[in-house]
Amino acid sequence: MLDLKFLRDNLDEVERRLATRGGAIDLGDFRALDDSRRALLSDAENLKAERNQVSALIGRTKDKSQVQGEIVRMKAVSTRIKELDEELRQVEENLKALLMTLPNLPEANCPLGQSEADNPELRTWGEPTQLGFEPKPHWDLGEDLGIIDFERATKIAGARFSLSKGAGARLERALSNFMLDTHTQGGKYTEVLPPFMVNRDTMTGTGQLPKFEADLFHMDDPDYFLIPTAEVPVTNIFRDEILDGAELPICYTAHTPCFRKEAGAHGRDTRGLIRQHQFNKVELVKFARPEDSEVELEKLLADAEGILQALKLPYRVVDLCTADIGFSAARTFDIEVWLPAQQTYREISSCSSFGDFQARRASIRFRREAGSKPEFVHTLNGSGLAVGRTVVAVLENYQQADGSVVIPEVLRPYMGGLEKIS
RNA sequence: GGAGGAGUGGCCGAGCGGCCGAAGGCGGCGGUCUUGAAAACCGUUGAUGCGCAAGCGUCCGUGGGUUCGAAUCCUACCUCCUCCGCCA
């Protein structure tokens, strides 16, 4: 959510900066709603002030017959207040609805662009893997090795689900544990295990609602949503709270399944593990002071990159342009891992800074010092990493000519010493 | 799922339909005293909206209602606690 006052005072600038995301955003309604809100508010408040005053007088008067006229008059005033409050409620509802559907302002140094084709590549790490033979895609590797069963997953649930077994299931678990252990080492991040189903307020706090309900799995018996990422429950840990500034930054990591409908992705990445309705992810979430968020984003990105480096998987870092960053994000860096079978880099992590956008929606604040005014924190998060896609990267990059897959060294302790899947 | 009880400021806790944004305590902050600290004492200490400001409004789990006036009365919902049942 954008700051109402900032929006009011900088309407043109906001419109211009939001336009860099692509797709016109019309703020024409805003001015009218905002004006009428303030007019109604002022009318209602004046009447309330009068009512408070006169009611106090009535209270002080022992002989009520002396103030009978005032009582009758206040009855009418109260009726009028009720009407104004109702009008105000509707205007505020509309205003809030508008506000809640406005995306975040891209940060000033977010590169301008029209589409993902305009995302600058910041750096690459490692050389694209040279195998010296025709690489198999991971779905063939997985099925040939008997560690991934797509057909039966489809029988059990449907398209875009997978079933891992044996060394495949263990590889997924090994990666998850390796990532969590790495991030929590030395107390860098605190591990949390949040609910995988959340309520509407929580989904609204991080920006999935009200605009993107179609992307979410929803149950209506209790009105719950399956989380599309751990960002949602973890960021909302401090919803409606005021934190002690001395505790910032607060850094959490969480390993959770993620559930996504992938609505609108028909026909894209239909084979393999790349795009699933359910996948595991280790997430990194930070709450930081505004002046620290830029540095914290760099550190978070480095932490995510560290996993790929330890696994010796080649990757590149891309700076998402204004047209490609998500609804709530102010700045995003994607990490893309090299996939030999596709001869391309594919997204494996997305690290974003949200400024105070989520903090304002979810009301997450902090006090610099005891007694000082509460300020909004900055929230950040990133994948560290998407576990399913990391399985894909390991299988494809570590495959051998004979169809076996070598286990990356750092994972072997997590695989019971196993060095190769064959 | 059934039966009872409870939700007040960072925490504990009082609160008669008007004098309550709310006693008191703890904690926090400032001060006095002290070489320093503790103790003691004094003072101070919620959030938010509109407004240049003075100021005014709103918030006692949430929504609705009664009333000139609601933390206080009525109502629905939510959450928590206790007991019973069921259960990994």
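Summary of the structure given here.

Parameters at a glance
Residues numbered from 1 in each chain as written. Chains lettered and ligands numbered in written order. Predicted model: local features only at pLDDT ≥ 70, side-chain atom pairs only at ≥ 80, totals over all residues. Heavy atoms only, no water. Pairing = 2+ DSSP bridges. Helix = DSSP H or I, 4+ residues; strand = E, 2+ residues; numbered from the N terminus. Axes fitted to C-alpha atoms, helices over the stretch in contact; angles between N-to-C directions. Near = heavy atom within 4 Å. Polar contact = N/O pair within 3.5 Å; in protein donor to acceptor, adjacent residues only side chain to side chain. Nonpolar A, V, L, I, M, F, W, Y, C, P; charged D, E, K, R; others polar. Buried < 20%, exposed > 50% of the residue type's maximum accessible area, 1.4 Å probe, protein only. Core = buried A, V, L, I, M, F, W, Y, C linked by side-chain atoms within 4.5 Å. Contact = heavy atoms within 4.5 Å. Salt bridge = Lys/Arg side-chain N within 4 Å of Asp/Glu carboxyl O. Phe/Tyr/Trp six-rings, centres within 6.5 Å; stacked < 30°, edge-to-face > 60°.

## As for the sheet that holds strand β12 (residues 364–367)
Pairing in this open sheet of three strands is mixed, and the strands run β6-β12-β13 from one edge to the other. Either end of the sheet is taken by a strand with one partner, and the two such strands are β6 (241–244) and β13 (374–376). Neighbour to neighbour, the strand axes of the sheet diverge by 40° on average, direction disregarded. Direction of pairing for β12 relative to β13: antiparallel, over a ladder of three bridges. Paired with Phe366 across the two strands is Glu375, which belongs to β13.

## Brief notes about the protein's contact with RNA strand B
Taken together, 24 residues form the shell around RNA strand B, and within it Arg38, Ser55, Lys75, Ser78 and Arg365 come nearest. For RNA strand B, the backbone portion of the atoms within 4 Å of the protein, that is sugar and phosphate, comes to 74%. For RNA strand B, a phosphate oxygen lies 2.7 Å from a polar atom in the side chain of Lys75. Mapped onto the surface near RNA strand B, the elements with two or more residues apiece are α1 (4–9), α3 (28–60), α4 (68–101) and β12. Residue composition of the surface near RNA strand B, grouped by class: seven nonpolar, four polar and 13 charged.

## Examining unusual backbone geometry
The residue after Leu209, namely Pro210, is reached through a cis peptide bond having omega 5°. When you line up the elements, Pro210 lands in the loop between α8 (200–206) and β4 (218–219). Note the cis peptide between Gly384 and Leu385, where omega equals 10°. With respect to the helices, strands and loops of the structure, Leu385 is situated in strand β14 (residues 378–386). Positive phi outside glycine occurs at Asp269, with the angle close to 50°. When you line up the elements, Asp269 lands in the loop between β7 (250–259) and β8 (278–288).

## Description of the pairing of strand β10 (residues 331–339)
In regular strands, side chains alternate between the two faces of the sheet. Most of β10 sits inside the fold, with nine of its nine residues counted as buried. Burial along β10 is two-sided: Arg331, Phe333, Ile335, Val337 and Leu339 and Thr332, Asp334, Glu336 and Trp338, pointing in opposite directions, are all buried. Bridge count for strand β9 (residues 315–319) against β10 is five bridges, and the pairing is antiparallel. Across the sheet, the residue bridging to Val317 is Ile335, located in β10. Bridging between β10 and strand β11 (residues 344–353) involves nine bridges; their strand directions are antiparallel. Opposite Arg331, over in β11, you have Ser353 as the bridge partner. With antiparallel pairing between neighbouring strands as the criterion, β10 and β11 make up a hairpin whose turn holds four residues, including Gln343 at a positive phi of roughly 50°.

## Description of the nonpolar core
Note on soluble globular proteins: their nonpolar side chains tend to be buried together. Core analysis: the largest hydrophobic core is formed by 50 residues, its most contacted members being Leu171, Leu175, Leu308, Leu313 and Leu395. Ignoring any residue separated from it by four or fewer positions in sequence, one finds Leu395 in contact with His138, Leu141, Ile147, Ile148, Leu171 and Val405. Within the second largest apolar cluster, 30 residues are counted, among which are Leu2, Val14, Leu33 and Leu99.

## Digging into the pattern of salt bridges
What the rule picks out here adds up to 32 salt bridges. Note that Arg89 is salt-bridged to Glu86, the shortest N-O span being 3.0 Å. Highlighted residues: Arg89 and Glu86, both in helix α4, separated by three residues, approximately one helical turn. Judged by relative accessible area, Arg89 falls into the partly exposed class, the value being 42%. For Glu86, a relative accessible area of 35% puts it in the partly exposed group. The salt bridge involving Asp269 is made with Arg275; its shortest N-O contact spans 2.9 Å. On the accessibility criterion, Arg275 (12% relative accessible area) is buried. Taken together, the shared-partner salt bridges in this structure form one network comprising Arg8, Asp34, Asp35 and Arg38.

## A closer look at the packing of aromatic side chains
Counting across every chain of the model gives eight aromatic pairs. Residues Trp338 and Tyr345 carry aromatic rings whose centres are separated by 5.1 Å and whose planes lie at 70° to one another, so their mutual orientation is edge-to-face. Take Trp338 and Tyr345: they sit in the same class, and that class is buried. Linked through ring pairs, Phe212, Phe327 and Phe357 together constitute an aromatic cluster.

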